[in-house]
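Below, each chain spelled out in residue letters.
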Amino acid sequence: MTRRRAHHAAAIAAIAALLLSGCSMGQGSSDSGGEPGVAPQPDVGVEAPADGGDASGEEFAPQQPVDDDRSVITTGRLAMTVDDPTDAAAQVTDLVDAAGGRIEGRSETPGTDSQQARATLVVRIPADEFERVLADLRELGEVDSVQLEASDVTQQRQDLDARIEALEASVDRLLALLADADTTADLIAIESELSSRQAELDSLVAQRDYLADQVDYSTLTVELLSEGLAPDAGPDDFWSGLVAGWEALVAFASGLLVVAGVLLPWLAVLLVVAAIIAAVVILATRRRHHPDPDGQEAARTDGDRPA
């Protein structure tokens with residue numbers, strides 16, 4: 001019994017230690033990196049004077065070399081004018097596929113008399129192939145605009161890695177305690193804490209995987225437009241003006257016929273309703289001005305009878 005109580009006390013102490021370590025781990029991650037998802041602002045570099053000193057006369061210290069192991073998310077937008085947006089969209093797809101990338105979205109709008117043909121693609125390009133693929137895309141037509149943005153998420157990645165490592169160690173310790181648990185109460189307490197830690201670990205791993213995908217594959221939105229619509233040439237002589245006037249007259253007459261065709265059924269219904277109303281009014285008027293002669297004769301006969 002004494003040995004079982006000792007095991008029970010040891011399990012409770014271990015669970016309490018894990019809870020305290022989890023709280024301290026959460027506080028440490030929030031204090032060390034600021035708000036999650038916010039990239040740190042880079043330091044503004046200072047240009048060294050020609051004589052090797054700074055503006056205050058002190059010796060200029062060269063900047064530290066840039067760490068190559070950084071995580072940067074690159075996004076951009078490329079707008080181009082091409083001869084055939086549909087054909088250019090197929091070429092964009094081929095270039096991205098050849099570089100090991102993928103197409104995440106594609107839409108095409110055919111050209112009409114009032115709008116240009118258009119194609120829009122959202123592509124994911126491997127980060128190490130981004131510059132080369134962007135240069136190849138520029139050759140497909142006339143570049144109208146290019147917008148590129150880079151976000152440094154190194155600190156966020158490092159924070160996720162540290163939290164995942166700590167949670168993995170915590171889960172391993174809980175599994176070891178679960179194997180040595182002697183009582184039902186210990187099993188329930190350890191399993192509850194293990195479930196909570198495992199769910200948090202899975203969430204952090206999913207965040208890290210998404211962040212890694214954003215870093216490994218740059219996102220570029222490619223917008224392809226056809227040439228602008230040419231304005232219609234107006235008439236420049238008498239005969240072309242006459243033809244244009246005649247076409248306008250024919251179009252106006254056609255419009256009137258369409259309107260007449262739409263209104264004709266309504267006019268017929270209105271005429272029938274108006275005829276019925278007119279007939280009722282006429283009958284009522286006639287009865288008012290010309291009373292029934294049979295009724296008047298009967299009234300006179302009743303008046304002539306002796307009392």
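Above this note sits the structure.
Residues numbered from 1 in each chain as written. Predicted model: local features only at pLDDT ≥ 70, side-chain atom pairs only at ≥ 80, totals over all residues. Heavy atoms only, no water.

A. Inspection of the overall build of the protein at higher detail. When helices and strands are counted, the protein shows seven helices and five strands. For the protein, the sequential pattern of α-helices and β-strands runs α-β-α-β-β-α-β-α-α-β-α-α. Across the 307 residues of the protein, 21% fall into the buried class. Considering only contacts within the protein whose residues lie at least 6 apart along the sequence, 78% involve residues at least 24 apart. Counting only carbon and sulfur atoms, one obtains 58% of the accessible surface of the protein, whose full area is about 21,500 Å². (Helix = DSSP H or I, 4+ residues; strand = E, 2+ residues; numbered from the N terminus. Buried < 20%, exposed > 50% of the residue type's maximum accessible area, 1.4 Å probe, protein only. Contact = heavy atoms within 4.5 Å. Areas by Shrake-Rupley, 256 points an atom, 1.4 Å probe, with all protein chains shown as cover.)

B. Spatial organisation of the pairing of strand 1 (residues 72-81). Counted residue by residue, strand 1 has seven buried out of ten residues, so it is predominantly covered. The pairing of strand 1 with strand 4 (residues 142-152) spans ten bridges and is antiparallel. Residue pairing in the sheet places T74 in a bridge with A150 of strand 4. As paired elements, strand 1 and strand 5 (residues 217-225) share seven bridges and run parallel to each other. (Pairing = 2+ DSSP bridges.)

C. Representation of the packing of aromatic side chains. Going through the model one piece at a time under the given rule, you end up with zero aromatic pairs. The aromatic ring of Y217 is capped on one face by R102, whose charged end is 4.9 Å from the ring centroid. (Phe/Tyr/Trp six-rings, centres within 6.5 Å; stacked < 30°, edge-to-face > 60°. Lys NZ or Arg CZ within 6 Å of the ring centre and 35° of its normal.)

D. Inspection of the packing of helix 4 (residues 154-180) against helix 5 (residues 184-216) at higher detail. Two numbers describe how helix 4 lies on helix 5: the axes approach to 9 Å, and their chain directions differ by 155 degrees. Between helix 4 and helix 5, the crossing angle belongs to the class labelled roughly antiparallel. In this structure, the crossing between helix 4 and helix 5 has a hand that is left-handed. Per-class residue counts for the contact of helix 4 with helix 5 are 15 nonpolar, four polar and nine charged. (Axes fitted to C-alpha atoms, helices over the stretch in contact; angles between N-to-C directions. Parallel < 35°, antiparallel > 145°, perpendicular 65-115°, else oblique. Left-handed = near helix turned anticlockwise from the far one by under 90°. Nonpolar A, V, L, I, M, F, W, Y, C, P; charged D, E, K, R; others polar.)

E. Structural view of the sheet that holds strand 1. Pairing is mixed across the open sheet formed by five strands, whose spatial order is 2-3-5-1-4. This sheet does not close on itself; its edge strands, each paired only once, are strand 2 (102-109) and strand 4. For this sheet, the mean inter-axis angle between neighbouring strands, taken without regard to orientation, is 10 degrees. Packed on one face of the sheet, helix 5 meets strand 1, strand 2, strand 3 (118-126) and strand 5 and runs near 55 degrees to strand 5.

F. Looking closely at the environment of D144. Counting through the fold element by element, D144 comes out in strand 4. Measuring from C-alpha to C-alpha, the distance between D144 and A79 comes to 5.4 Å, with 65 residues separating the pair along the chain. Apart from residues no more than four positions distant in its own chain, D144 is found in contact with A79, M80 and T81.

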